[in-house]
Number of protein chains: 2
Amino acid sequence: MQASPRRQPTLDEVAARAGVSRTAASRAINDDPHVSQAKREAVRRAVQELGYVPNSTARALATRRVGAVVLAVSSDEPTLFADPFFAEVTLGVSSFLEQTDLELILLLAHTPRGTERLRRILAARRADGLMLMAVRGEDPLGRLAEQTELPVVFGGLPLHGTPRWYVDPDNRGGGRLAAEHLARSGRQRIAMITGQVDLQASVAREQGFREALTLAGLPLLAVEAGDFTLRGGESAMERLLAAHPDLDAVFAAGDGMALGALRTLRHRGLRAPQDVAVVGFDDLASAPYADPPLTTVRQPVRSLGREMARMLVDVIDGRDPGSLILPTRLTVRESAPTPAPRADAGQAR
Amino acid sequence: MQASPRRQPTLDEVAARAGVSRTAASRAINDDPHVSQAKREAVRRAVQELGYVPNSTARALATRRVGAVVLAVSSDEPTLFADPFFAEVTLGVSSFLEQTDLELILLLAHTPRGTERLRRILAARRADGLMLMAVRGEDPLGRLAEQTELPVVFGGLPLHGTPRWYVDPDNRGGGRLAAEHLARSGRQRIAMITGQVDLQASVAREQGFREALTLAGLPLLAVEAGDFTLRGGESAMERLLAAHPDLDAVFAAGDGMALGALRTLRHRGLRAPQDVAVVGFDDLASAPYADPPLTTVRQPVRSLGREMARMLVDVIDGRDPGSLILPTRLTVRESAPTPAPRADAGQAR
DNA sequence: TTCGATCATGGAAGCGCTTCCATGACAGGG
DNA sequence: CCCTGTCATGGAAGCGCTTCCATGATCGAA
């Protein structure tokens, strides 16, 4: 067993043991074609016997490839990361990276200090690329991304400008789906709870919602802003009800806020969907467990993460993947059912 | 502006510009005392002008210190990471590391492949230390941790054995708190929903719960296992009700499961707390928003993460922090209120 | 048989930094 | 004024790996 405090073996020791030059050993290990079968095999055995694993730092220094990418979550508010949305994205990213030999460096940049750290990471070449989530209006991360020469992939568009590489859910289309559904089910007095106004996702969802409403000849009674939290949804809903006690439907730009809206309705003695229909956005894991189960626009969050990672790897490897828009679709549940026949209330489109 | 594709400046260039030797430059940058004020200042200026940032890979190779630690989340089930619990831990870890110059490498090791990756990370010396969360019974990660020479800190005890360094919430004490509370409030027919039986946290919570119940002279009607998910809690509650339709209280070893239990009760037409009192464990962000708001044993999840990180850094720096048990305490809300006077129903102990 | 062409081979030069060690300047005590 | 101790200084040797390049062996074509 010898859990000895022995140093890790080095390439030289492997080479010595295999009776070949260090160069040959390196080649054999890296599957370079210019090695004879015999040496290749000898090296393989030596590696095996010594339990050799190449030191990644040394390799990184020689190849100028670090073997790690950063996932930076921008936020002025630490708990934003606690949002299941980010966990899901991270999961997606991780699941893709698992198939590569890249490590995932997680950076929660909610303080100025965090931004500064990212700057240093990039300047110190600690990573081969960067994924940026949820960049807000004047977020300094956005600027950082512009300055670095490293590949950067955006998750969700920034408010201004279009980055070279991004993957974005079809927020606008999703907003439209919500509006069409409510219109189709006969709602007339419709309001909306949007997210932070400096988040492109909020803006695009509202935009799509407005478009489709207009097309259906329906007015948008009012819009109140939340912050994607349950609590934010609660109070936005209260404000909406105060101004428009007679509204019969509300679209929230995020499931968390939709859950908050449901709570407020319940507290006010209003029933969903009989009195007010509620549609959310995201289709988080908790949506089906809401009371009543939440009708919501589904966006493929885990795929978002996975595609960001895939895209970044492509760029790092010198390929040019285009950018990507992921489709959204409506998941109908009880908080805003389809109107009459209620037949195919599972998944509408 | 010159967003030129110029190479990053190297230490040699800084030295040249400052008119000192590379050695002196290195010393100045690393605050080595053996440098004159004059040179120190000259180097500072050169660094400034060139925008020099030391290449961390090169530094790592020379110092044999990578400047990164791994947070590995063990799980056979990918979505476990989506549990807000882990997000919160991660947040705590990150908040501490932010004050150091260590990077956080996140490893979601839910597949055999993930385990293999961790093995390689350790062998390839890609990190200076390791934090391990939620190690289950026969988890291979546990074995890995034993074999590596790198510092390892456990978050939550493993099922068998006691690692050298760990931080663990006082699960047993928390279980006791729950039992005492239910006993004190006059409940008699008490059941429990536990977590996976190969998780030490589950076992300890149940153990504490049993102890205090026995001490109070109350029987434990039944125990059903869930898996810390809402769905698991739902079905466990159903099984409990089937076997003991007359139970009047249930303690769930996790908030997710408690929420599930509440749902089942609601569906069965039972009221909480009038018919059945429900106590959870964790005090997740969603606990106060449950219906009814959940009485639960609070564990300081973010601190758990922060303390793990602090501990790991200590070990890496050659200090020996002891291990740590974090206190839990009861947060009383409506799902299991205190009995009569209902006066201090805010935070009991 | 001869002559390139082909290719396995290993020496050596890095990658960019830290740090050991030898050197010399300088200050203060005798 | 000399000697020893102190300390700033920079040359050079790594850290462990990749890769350029020169060398020599091998082989088939001429």
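Just above, that's the structure.
Before going into details, it helps to say that this report is about the structure given with it. As the structure is a prediction and not an experimental result, all values here were calculated from the model. (Residues numbered from 1 in each chain as written. Chains lettered and ligands numbered in written order. Predicted model: local features only at pLDDT ≥ 70, side-chain atom pairs only at ≥ 80, totals over all residues. Heavy atoms only, no water.)

### Quick notes on the protein's contact with DNA strand C
As a structural note, the neighbourhood of DNA strand C is formed by 25 residues, with H34 of chain A together with L11, R22, S26 and Y52 of chain B the closest of them. Counting only atoms of DNA strand C within 4 Å of the protein, the fraction found in sugar and phosphate groups is 60%. Contacts to DNA strand C include R27 of chain B, whose side-chain N or O atom sits 3.2 Å from a base nitrogen. One of the side-chain N or O atoms of N30 of chain B is found 2.9 Å from a phosphate oxygen in DNA strand C. (Near = heavy atom within 4 Å. Polar contact = N/O pair within 3.5 Å; in protein donor to acceptor, adjacent residues only side chain to side chain.)

### Digging into the sheet that holds strand β6 (residues 190-194) of chain A
All names here are of chain A. With mixed pairing, six strands are arranged side by side in an open sheet as β7-β6-β8-β9-β10-β12. Of all strands in the sheet, those bounded by a partner on one side alone are β7 (220-225) and β12 (329-331). When strand polarity is set aside, the average angle formed by the axes of neighbouring strands in this sheet is 20°. Strand direction decides the pairing type here: β6 and strand β8 (residues 249-252), joined by four bridges, are parallel. Residue pairing across strands places I193 opposite A252, the latter belonging to β8. Sitting on the sheet, helix α9 (residues 200-215) touches β6, β7, β8 and β9 (277-282), and the angle it makes with β6 is about 170°. In the packing of helix α10 (residues 230-243) onto the sheet, the strands contacted are β6, β7 and β8, and the crossing angle to β7 comes to about 145°. (Pairing = 2+ DSSP bridges. Helix = DSSP H or I, 4+ residues; strand = E, 2+ residues; numbered from the N terminus. Axes fitted to C-alpha atoms, helices over the stretch in contact; angles between N-to-C directions. Contact = heavy atoms within 4.5 Å.)

### Thoughts on the interface of chain B and chain A
Facing 58 residues of chain B, the contacting portion of chain A comprises 58 residues. With both sides pooled, the region where chain B packs onto chain A buries about 5,000 Å², and carbon together with sulfur makes up 52% of that total. Taken as a group, E98, R117 and Y289 of chain B account for 15% of the area that chain B buries against chain A, more than any other trio of residues on that side. At the surface where chain B touches chain A, the tally comes to six salt bridges. Across the pair E103 of chain B and R117 of chain A runs a salt bridge whose closest N-O atoms are separated by 3.0 Å. The interface formed by chain B and chain A holds 20 residue pairs in polar contact (both at pLDDT 80 or more) in total. Of the residues assigned to the side of chain B that touches chain A, the class counts are 27 nonpolar, 14 polar and 17 charged. (Buried area = accessible area lost by both parts, 1.4 Å probe. Salt bridge = Lys/Arg side-chain N within 4 Å of Asp/Glu carboxyl O. Nonpolar A, V, L, I, M, F, W, Y, C, P; charged D, E, K, R; others polar.)

### Quick word on empty space enclosed by the protein
One pass over the structure, following the stated rule, counts three cavities of 30 Å³ or more. Taken as a whole, the largest cavity holds about 230 Å³ of empty space. For the lining of the largest cavity, the secondary structure elements donating two or more residues are α4 (56-63) and β2 (103-109) of chain A together with α4 (56-63) and β2 (103-109) of chain B. When grouped by side-chain class, the residues that make up the lining of the largest cavity number eight nonpolar, four polar and five charged. Its volume calculated, the second largest cavity comes out at about 80 Å³. Lining the second largest cavity, in full, are S94, L97, E98, L102, E103 and L104 of chain A together with L106, L107, L108 and R117 of chain B. Elements that contribute at least two residues to the lining of the second largest cavity include exactly α5 (84-97) and β2 of chain A together with β2 of chain B. (1 Å grid on protein atoms, 1.4 Å probe; cavity = no way out; pocket = protein on both sides within 12 Å on 5 of 7 lines; lining within 4 Å. Points joined across faces, edges and corners; volume = space filled by probe spheres on them.)

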